[in-house]
Amino acid sequence: MGASSIQQLLEQTADRRSSYGGGSAAALSCALAAALVEKLAGSHAARFDTPVGDPARRRGARLGRRTGSAASARKLRACCARLVESDAKAFARVVRAGARQDRSAIRRALRVATDIPCQVGECAQQVLSIARRIRAWVSPNYRVDLRCAEALARAAKQSAQALVAANRVWAKQIAARR
């Protein structure tokens, strides 16, 4: 993603008519957190790579854990990157159903729009778990990046929880209008 793509996403998010909102921002925050964790888990792995027969071969087990952590973070990053778009599309469906004043369609769209931040929250929790797992492996010089990743993941999780709560209230209000 080049600077123009980042700028384009920011412009879309800032546009009042756009369906990019809090859910997309939460998913992007989680994707960024996962990317940092992936980088940190994978970048220092070579230092533990030891040849067969080396008395320090037990370090190879640490390498395997690091490689697994990086791979897990990569999957979470990819998932959250997809959720940025998915959330915008889901919210657009809610808005369209609201414009038609179709309560049934609004409820269905809200279910999907609620499921996406639930997924973001779960991903954020997994990113935080991986960050805790790799903390001891990360060089002290790079732990600030790990703290940034943790802050982004916590923000994504808190944002997702707020969105889920708001969508549930909205759904209850629609149900009460029957």
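Residues numbered from 1 in each chain as written. Predicted model: local features only at pLDDT ≥ 70, side-chain atom pairs only at ≥ 80, totals over all residues. Heavy atoms only, no water.

(A) Molecular detail of the overall build of the protein chain. From N to C terminus, the protein chain includes five helices and zero strands. Going residue by residue from the N terminus, the α and β elements of the protein chain occur as α-α-α-α-α. By sequence separation, contacts in the protein chain at least 24 residues apart represent 76% of the contacts at least 6 residues apart. As displayed, the protein chain has an accessible area near 10,300 Å², and 54% of this comes from carbon and sulfur atoms. (Helix = DSSP H or I, 4+ residues; strand = E, 2+ residues; numbered from the N terminus. Contact = heavy atoms within 4.5 Å. Areas by Shrake-Rupley, 256 points an atom, 1.4 Å probe, with all protein chains shown as cover.)

(B) Region of the structure containing the nonpolar core. Cys30, Val37, Val120, Val127, Ile134 and Leu146 are the most contacted members of the largest nonpolar core, which totals 44 residues. Counting only elements with at least two residues in this core, the list comes to α2 (22-43), α3 (59-100), α4 (103-134) and α5 (143-176). Among the elements that take part in this core, α4 stands out by supplying 14 residues, more than any other. Residues in contact with valine 127, not counting those within four places in the same chain, are Cys30, Ala33, Ala34, Val37, Leu76 and Ala153. (Core = buried A, V, L, I, M, F, W, Y, C linked by side-chain atoms within 4.5 Å. Buried < 20%, exposed > 50% of the residue type's maximum accessible area, 1.4 Å probe, protein only.)

(C) Structural detail: α5. Relative to the 50 Å expected for 34 residues at 1.5 Å per residue, α5 spans 49 Å between its end C-alpha atoms, a close match to the ideal helical length. Those residues of α5 that sit buried are Leu146, Ala149, Glu150, Ala153, Ala156, Ala160, Val164, Asn167 and Ile174. Among the structural elements, α2 and α4 are those in contact with the buried residues of α5. (Expected span 1.5 Å × (residues − 1).)

(D) Region of interest: unusual backbone geometry. Of note, the phi angle at glutamine 101 is positive, near 55 degrees, even though the residue is not glycine. Position of glutamine 101 relative to the elements: it lies in the loop between α3 and α4. Relative accessible area serves as the criterion here: at 68%, glutamine 101 is assigned to the exposed category.

(E) Examining the packing of α2 against α5 more closely. Where α2 contacts α5, the two axes come as close as 8 Å, and the packing angle between them is 155 degrees. Here α2 lies roughly antiparallel to α5, going by the angle between them. At the point where α2 passes α5, the crossing takes the left-handed sense. In this structure, α2 uses Gly22, Gly23, Ala26, Ser29, Cys30, Leu32, Ala33, Leu36, Val37 and Leu40 to contact α5, whose residues at the interface are Asp145, Leu146, Cys148, Ala149, Leu152, Ala153, Ala156, Ser159, Ala160 and Leu163. A per-class count over the contact of α2 with α5 returns 15 nonpolar, four polar and one charged. (Axes fitted to C-alpha atoms, helices over the stretch in contact; angles between N-to-C directions. Parallel < 35°, antiparallel > 145°, perpendicular 65-115°, else oblique. Left-handed = near helix turned anticlockwise from the far one by under 90°. Nonpolar A, V, L, I, M, F, W, Y, C, P; charged D, E, K, R; others polar.)

(F) Seen up close, the packing of α2 against α4. Orientation of α2 relative to α4, taken along the N-to-C sense of each, is 25 degrees, at an axis distance of 10 Å. One element, α2, and the other, α4, form an angle in the roughly parallel class. The chirality of how α2 crosses α4 is left-handed. Taking contact as the criterion, the partners of Ala26, Ala27, Cys30, Ala33, Ala34, Val37, Leu40 and Ala41 in α2 are, on α4, Val120, Cys123, Ala124, Val127, Ile130, Ala131 and Ile134. Considering only residue class, the contact of α2 with α4 consists of 15 nonpolar, no polar and no charged.

(G) Looking closely at the pattern of salt bridges. One pass over the structure, following the stated rule, counts five salt bridges. With a closest N to O distance of 3.2 Å, aspartate 15 and arginine 17 form a salt bridge. Residue classification places arginine 17 among the exposed positions, given a relative accessible area of 74%. One salt bridge connects glutamate 38 with arginine 74, and the closest N-O pair in it is separated by 3.0 Å. (Salt bridge = Lys/Arg side-chain N within 4 Å of Asp/Glu carboxyl O.)

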